[in-house]
Amino acid sequence: MKEFRIGMIGFGTVGTGVAACIQKNCDLMAARIGIRPVLARIMVRNLDVDRGVEVAEGVLTTNVDDVLNADDIDVVVELIGGTTDARTFVLQAINNGKSIVTANKALLAFHGAEIFAAAEANNVDVYFEASTAGGIPIIKTLREGLAGNRIESIYAILNGTCNYILTRMEHEGIAFAEVLDEAQKLGYAEADPSFDIDGDDTAHKTVILTALAFGRWFDVARMHTSGIRGLDVQDIENAAGMGYKIKLLAIVKPAGNDVDMRVHPVLIPASSMLGQVSDVFNAVCVKGDAVGETMFYGRGAGRDATASAVVADLLEVGLNIAHDSARRVVPFQAHDTYGELTPIDDVRSRYYIRLQVEDKPDVLSRITHIFGESNISIASILQKETTEPVPVVLMTHIAREKDVQSALQKIAGLDVVSDEPVLLRVEDL
Ligand code: NDP
Ligand code: HSE
């Protein structure tokens, strides 16, 4: 049987998963696509590390050119992460006429336009299924399965580390720092886990999904991004008491000529499908104008689930080689003409607000007066009986972000309010 030869850069969590998956299911893969994948070379920085996966003699190299410049390598898998060396290596491989498979969402969020232009110029493919939502085949779904749809909205849980942390906080009432350590040991977190917990990793993935859905690479630095770092267990408990869960959500939807694209923690109904996505699992809800509501669910991080996505991409490249059909599916094509990102100030939402206040007469009326003045209608209000300062939890009706922020600024300045007010957006889905 004909073979196609794979060169891999990076032999960490995902890289070892890819090697293990190919070793285990190689015959099955070859039978399915009619061409055999051969993991021919792997670039590592240190030959002496035991990575728990055996590879044949001569496969490991410390010289990246043995992968990037070698005539006997058909496709390069980039699994090192980051945006500097990864960009250099990917562009070098493309310029050498090699197709790319990458799991690197940061690379694509910052350099996607440049990389896809280079791929087009060199008539090679760039596949990136593992970059977004781990093992869920959401890239292929948006690019092919839903190609006949105009996308109306995407709501998604895209970071396995954060969803794992939030689930443990919710079930066990422990602070996130403790759980983060476990998420790292399980191989879910980024090399720098602040990318996970501050929302940047979700933002990178959101830019990728938006590029596929709306045909434009928006600037990740300009989108509203906040993560779960400051989240307090008491807000998770308060949300639960009202029938909600807190999830780190990617939200993408057209708003007039613009696109409302943001990442932040959100209260969503506990009974909603996204509300029931726990642990390392991710889910992507896509609404298309023809298909209606869809939801895709699976492991969002971890060695084997991510390797599954990388290997699926490799098999696409294998099929392209077998049938001489490079660039059969254009990875990214500008199509719609959306203007800009909706500024966060203009977003309209319901809000969860927690204030720490003194327990004395007139406090609540002073607070509600400010909300009333700012045209914000309160849907519910709860003051707990506890030692001072007491928490007051409010839910608003739909209001404009700018109005809510300015009301909160005034409330924070009241002499009866201690601590910074906590504000979380609510999506009733
Ligand atoms: P790891 O840190 O486990 O592995 C990275 C590997 O790349 C290590 O072997 C490291 O070598 C090597 N490496 C790092 N920098 C360089 C460099 N400049 N030159 C050569 N080799 C280098 O990361 P993961 O496997 O977890 O992640 C890899 C990619 O996959 C990242 O882009 C990540 O965002 C993405 N991803 C990860 C998922 C996961 O669940 N872990 C899920 C989806 C995507 P050394 O051992 O010497 O440090
Ligand atoms: N650190 C990422 C996560 C890996 O936890 O989702 C998968 O992209």
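It should be emphasised that the depicted structure is a prediction, and the values quoted were computed from it without experimental measurement. (Residues numbered from 1 in each chain as written. Chains lettered and ligands numbered in written order. Predicted model: local features only at pLDDT ≥ 70, side-chain atom pairs only at ≥ 80, totals over all residues. Heavy atoms only, no water.)

### Describing the site of ligand 2
Thinking step 1. Neighbouring ligand 2 are 13 residues, the closest being K105, T161, Y188, E190 and D196.
Thinking step 2. Interatomic distance of 2.7 Å between a backbone N/O atom of G160 and an oxygen atom of ligand 2.
Thinking step 3. T161 has a polar side-chain atom sitting 2.6 Å from an oxygen atom of ligand 2.
Thinking step 4. Contact with the protein chains removes 94% of the 250 Å² of surface that ligand 2 exposes when unbound.
Thinking step 5. Judged by the proximity of its atoms to the pocket grid, ligand 2 belongs to the largest pocket.
Thinking step 6. Contributing elements (two or more residues each) for the shell around ligand 2: helix 6 (160-172) and helix 9 (200-214). (Near = heavy atom within 4 Å. Polar contact = N/O pair within 3.5 Å; in protein donor to acceptor, adjacent residues only side chain to side chain. Areas by Shrake-Rupley, 256 points an atom, 1.4 Å probe, with all protein chains shown as cover. 1 Å grid on protein atoms, 1.4 Å probe; cavity = no way out; pocket = protein on both sides within 12 Å on 5 of 7 lines; lining within 4 Å. Sits in = over half its atoms within 2 Å of the grid points. Helix = DSSP H or I, 4+ residues; strand = E, 2+ residues; numbered from the N terminus.)

### Focus: the site of ligand 1
Thinking step 1. Close to ligand 1 lie 21 residues, the nearest being V14, R45, D85, E190 and G302.
Thinking step 2. D85 places a side-chain nitrogen or oxygen 2.7 Å from a nitrogen atom of ligand 1.
Thinking step 3. Between G302 and ligand 1, the recorded distance is 2.7 Å, taken from a backbone N or O atom to an oxygen atom.
Thinking step 4. Protein contact buries 79% of the 890 Å² of open area that ligand 1 shows by itself.
Thinking step 5. Comparing atom positions with the cavity grids shows ligand 1 to sit within the largest pocket.

### Re the pairing of strand 4 (residues 75-78)
Thinking step 1. Taking every second residue as pointing to the same face, both faces of strand 4 are buried, with V75 and V77 on one and V76 and E78 on the other.
Thinking step 2. With four bridges joining them, strand 1 (residues 3-9) and strand 4 adopt parallel strand pairing. Looking at strand 4, one finds that G7 is bridged to V76.
Thinking step 3. Taken together, the four bridges between strand 4 and strand 5 (residues 99-102) define a ladder with parallel strand orientation. Looking at strand 5, one finds that V75 is bridged to S99.
Thinking step 4. At this point the chain moves from strand 4, through helix 3 (residues 85-95), to the parallel strand 5, and the crossover so formed is right-handed. (Buried < 20%, exposed > 50% of the residue type's maximum accessible area, 1.4 Å probe, protein only. Pairing = 2+ DSSP bridges. Right-handed = clockwise from strand over helix to strand, strands pointing away.)

### So, helix 12 (residues 363-373)
Thinking step 1. Among all positions of helix 12, only V363, I367, I370 and F371 are buried. Considered in projection along helix 12, the buried side chains sweep an arc of 100° and stay on one side of the axis.
Thinking step 2. Looking one or two residues past helix 12, N375 carries a phi angle of roughly 65°, positive in sign. (Arc of directions from axis to C-beta.)

### A closer look at the domain arrangement of the chain
Thinking step 1. Each assigned domain of the chain is listed here: domain 1 (3-134 + 303-322), domain 2 (155-299) and domain 3 (344-426).
Thinking step 2. Averaged C-alpha coordinates put domain 1 and domain 3 at centres separated by 50 Å. (Domains from an automatic or database assignment.)

### Quick look at the packing of aromatic side chains
Thinking step 1. As enumerated under the stated definition, the model contains five aromatic pairs in all.
Thinking step 2. On the basis of an interplanar angle of 20° and a centroid distance of 5.9 Å, the ring pair of F116 and W217 is categorised as stacked. Of the two residues, F116 is situated in helix 4 (residues 105-122) and W217 in the loop between helix 9 and strand 8 (224-225); the sequence distance between them amounts to 101 residues.
Thinking step 3. The class for F116 is buried, based on a relative accessible area of 5%.
Thinking step 4. Considering the side-chain rings of F281 and Y297, the 4.9 Å spacing of their centres and the 5° angle between planes classify their relative orientation as stacked. Taken together, the residues span a long stretch of sequence, with F281 in strand 11 (residues 281-288) and Y297 in strand 12 (residues 292-299) at a distance of 16 residues. (Phe/Tyr/Trp six-rings, centres within 6.5 Å; stacked < 30°, edge-to-face > 60°.)

### Let's talk about helix 10 (residues 233-241)
Thinking step 1. When helix 10 is considered as a whole, its buried residues turn out to be V233, D235, I236, N238 and A239.
Thinking step 2. Tucked inside the fold, the buried residues of helix 10 contact helix 6, strand 9 (244-255), strand 10 (258-269), strand 13 (348-357), strand 15 (390-396) and strand 17 (417-426).
Thinking step 3. Its side-chain oxygen placed 3.0 Å from the backbone nitrogen of Q234, D232 serves as the N-cap of helix 10.
Thinking step 4. Looking one or two residues beyond helix 10, the residue adopting positive phi is G243, at roughly 90°. (Contact = heavy atoms within 4.5 Å.)

### Notes on the layout of surface pockets
Thinking step 1. Here the largest pocket is characterised by a volume of approximately 1,100 Å³.
Thinking step 2. If you trace the largest pocket, you find 47 residues lining it, with L79, I80, G81, E190 and A191 closest to the centre.
Thinking step 3. Classifying every residue of the lining of the largest pocket gives 17 nonpolar, 19 polar and eleven charged.
Thinking step 4. Estimates place the volume of the second largest pocket at around 380 Å³.
Thinking step 5. Together, 19 residues line the second largest pocket, and Q405, P421, V422, L423 and L424 are the ones closest to its centre.
Thinking step 6. Among the elements of the structure, strand 10, helix 13 (401-412) and strand 17 are those that each provide at least two residues to the lining of the second largest pocket. (Points joined across faces, edges and corners; volume = space filled by probe spheres on them. Nonpolar A, V, L, I, M, F, W, Y, C, P; charged D, E, K, R; others polar.)

### Points about the sheet that holds strand 4
Thinking step 1. Ordered in space as 3-2-1-4-5-6, the six strands form an open sheet in which the pairing is parallel. This sheet does not close on itself; its edge strands, each paired only once, are strand 3 (60-61) and strand 6 (126-127).
Thinking step 2. Against the sheet, helix 1 (residues 13-33) engages strand 1 and strand 2 (36-43), with an angle of about 160° to strand 2. (Axes fitted to C-alpha atoms, helices over the stretch in contact; angles between N-to-C directions.)

### With respect to the side chain of R41
Thinking step 1. Structurally, R41 is set in strand 2.
Thinking step 2. Overall, R41 belongs to the buried group, its relative accessible area being 14%.
Thinking step 3. Within the local environment of R41, its side chain forms a polar contact with the side chain of D72, the two groups lying 2.8 Å apart.
Thinking step 4. Here R41 is in contact with R5, I6, G7, M8, V59, T61, D66, V67, A70, D72 and I73, once residues within four sequence places are set aside.

### Section: the nonpolar core
Thinking step 1. Membership of the largest hydrophobic core comes to 99 residues, with the highest contact counts inside it found for I94, I138, I154, L267 and V284.
Thinking step 2. Looking at this core, the element that brings in the most residues is helix 9, giving eight residues.
Thinking step 3. With residues up to four places along the chain from it excluded, the contact list for L267 reads A239, Y244, K245, I246, Y352, M395, L424, R425, V426 and E427. (Core = buried A, V, L, I, M, F, W, Y, C linked by side-chain atoms within 4.5 Å.)

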